[in-house]
Amino acid sequence: MAKVAVVFAPGCEEVEGLTIVDVLRRMGIDTTMVGLEDIHVPGAHGIELTCDEIMSDQLLDYDVVAFPGGRGGAQKLRDNDELMKLMQKRNAENKWDAAMCAAPIALARYGLLDNHNYTCFPGINEEIAKVAPTANFEADITVVDNDGKIITSRGPATALAFAYQIAEVLGYNTDEIKHEMLYDYLMLQKK
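Before going into details, it helps to say that this report is about the structure given with it. (Residues numbered from 1 in each chain as written. Predicted model: local features only at pLDDT ≥ 70, side-chain atom pairs only at ≥ 80, totals over all residues. Heavy atoms only, no water.)

## Some thoughts on the overall build of the chain
Logical step 1: Assigned secondary structure in the chain consists of eight helices and eleven strands.
Logical step 2: On C-alpha atoms alone, the chain measures out to a radius of gyration of 15 Å, which is about the 16 Å that the 2.2 N^0.38 rule sets for 191 residues.
Logical step 3: The C-alpha extent of the chain, read off along each of the three principal axes, is 40 × 35 × 35 Å.
Logical step 4: Scored against the burial criterion, the 191 residues of the chain give a buried share of 53%.
Logical step 5: The long-range share in the chain, meaning contacts at least 24 apart out of those at least 6 apart in sequence, stands at 64%.
Logical step 6: Only carbon and sulfur atoms are counted for the fraction: they give 48% of the accessible area of the chain, which is about 8,500 Å². (Helix = DSSP H or I, 4+ residues; strand = E, 2+ residues; numbered from the N terminus. Rg over C-alpha atoms; globule rule 2.2 N^0.38 Å. Buried < 20%, exposed > 50% of the residue type's maximum accessible area, 1.4 Å probe, protein only. Contact = heavy atoms within 4.5 Å. Areas by Shrake-Rupley, 256 points an atom, 1.4 Å probe, with all protein chains shown as cover.)

## Things to note about the pattern of salt bridges
Logical step 1: Going through the model one piece at a time under the given rule, you end up with eight salt bridges.
Logical step 2: Taking the shortest distance from any N to any O, the salt bridge between Lys 95 and Glu 93 comes out at 3.7 Å.
Logical step 3: Taking the shortest distance from any N to any O, the salt bridge between Lys 178 and Glu 168 comes out at 3.1 Å. Residue Lys 178 is found in helix α7 (residues 175–180), and its partner Glu 168 is found in helix α6 (residues 159–169); the two are separated by ten residues along the sequence. (Salt bridge = Lys/Arg side-chain N within 4 Å of Asp/Glu carboxyl O.)

## So, the pairing of strand β2 (residues 30–35)
Logical step 1: Taken across its six residues, β2 has five buried, putting it largely inside the fold.
Logical step 2: By the bridge criterion, two bridges tie β2 to strand β5 (residues 53–54) in an arrangement that is parallel. In the sheet register, Val 34 faces β5, and the bridge partner there is Glu 53. (Pairing = 2+ DSSP bridges.)

## Topic: the sheet that holds strand β11 (residues 150–153)
Logical step 1: The seven strands lie next to each other as β5-β2-β1-β6-β7-β11-β10, forming an open sheet whose pairing is mixed. On the outer flanks of this sheet lie β5 and β10 (142–145), each paired with one strand and no other.
Logical step 2: By the bridge criterion, six bridges tie strand β1 (residues 3–8) to β2 in an arrangement that is parallel. Bridge pairing links Lys 3 to Asp 30 in β2.

## Some words on the side chain of Thr 152
Logical step 1: Looking at the secondary structure, you find Thr 152 in strand β11.
Logical step 2: Since its relative accessible area comes to 0%, Thr 152 is described here as buried.
Logical step 3: Here Thr 119 takes part through its backbone nitrogen, which lies 2.8 Å from a polar atom of the side chain of Thr 152.
Logical step 4: Excluding residues that lie within four positions of it along the chain, Thr 152 makes contacts with Ala 99, Pro 104, Tyr 118, Thr 119, Ile 141, Thr 142, Val 143 and Phe 162. (Polar contact = N/O pair within 3.5 Å; in protein donor to acceptor, adjacent residues only side chain to side chain.)

## As for helix α1 (residues 14–26)
Logical step 1: Here α1 is 13 residues long and its end C-alpha atoms lie 18 Å apart, about the 18 Å a rise of 1.5 Å per residue gives.
Logical step 2: Those residues of α1 not exposed but buried are Glu 14, Glu 16, Gly 17, Thr 19, Ile 20, Val 21, Val 23 and Leu 24.
Logical step 3: On its buried face, α1 is in contact with β1, β2, β4 (48–50), β6 (64–67), β7 (96–100) and α6.
Logical step 4: The positive-phi residue at the C-terminal boundary of α1 is Gly 28, with phi of around 85°. (Expected span 1.5 Å × (residues − 1).)

## A few points about the nonpolar core
Logical step 1: One finds Leu 59, Phe 67, Leu 77 and Tyr 110 to be the most contacted residues of the largest nonpolar core, which totals 34 residues.
Logical step 2: Put simply, the parts of the chain that give this core at least two residues each are β1, β6, α2 (71–79), α3 (81–92), α4 (104–109) and α5 (124–131).
Logical step 3: Beyond its immediate chain neighbours, meaning those up to four positions away, Tyr 110 contacts Phe 67, Leu 77, Arg 78, Leu 83, Met 84, Met 87 and Gln 88.
Logical step 4: Counting residues in hydrophobic clusters, the runner-up holds 32 residues, among them Val 4, Val 64, Met 100 and Tyr 183. (Core = buried A, V, L, I, M, F, W, Y, C linked by side-chain atoms within 4.5 Å.)

Spatial relationships are all this shows, so hold off on functional conclusions.
Below, the structure is given as structure tokens:
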């Protein structure tokens, strides 16, 4: 069974991180909430999250490590040198990593977006271009770069699409969960 870790940093976008955890756990995918600095993580909107564990070398054992956004949380992810080393090692081992909203700024600093396709919250791409000028921004809801083993997404409203994309990259069929959560209904309504 696949294993996914979602890393929560103080100031994270709660809805993004919890959507990933919720969707993947509904699908029966082993999903762990990992606190960057502590088990208790204050979110950007006053919601305190209680994680399962604190960041450690165990991040190397997961099939996907995902970062929710939120500017404050994304900056803490970006600036954590221990996390950077773990993520670079994961990348060298050809493992999948995912980031949404502002969190791709962390992947950019780590060198993981160099020469790869990604998306992010509008405007964050301008910051990323300064750090990773060879990264290729795409304005899609989610972007999967198979060569870089990177999954990215835009922001709070795209969190469901991001979670489904993570499951699909791991080889899971998301048709049933999309129907159960009315995502297919939502996509039909937008047409």
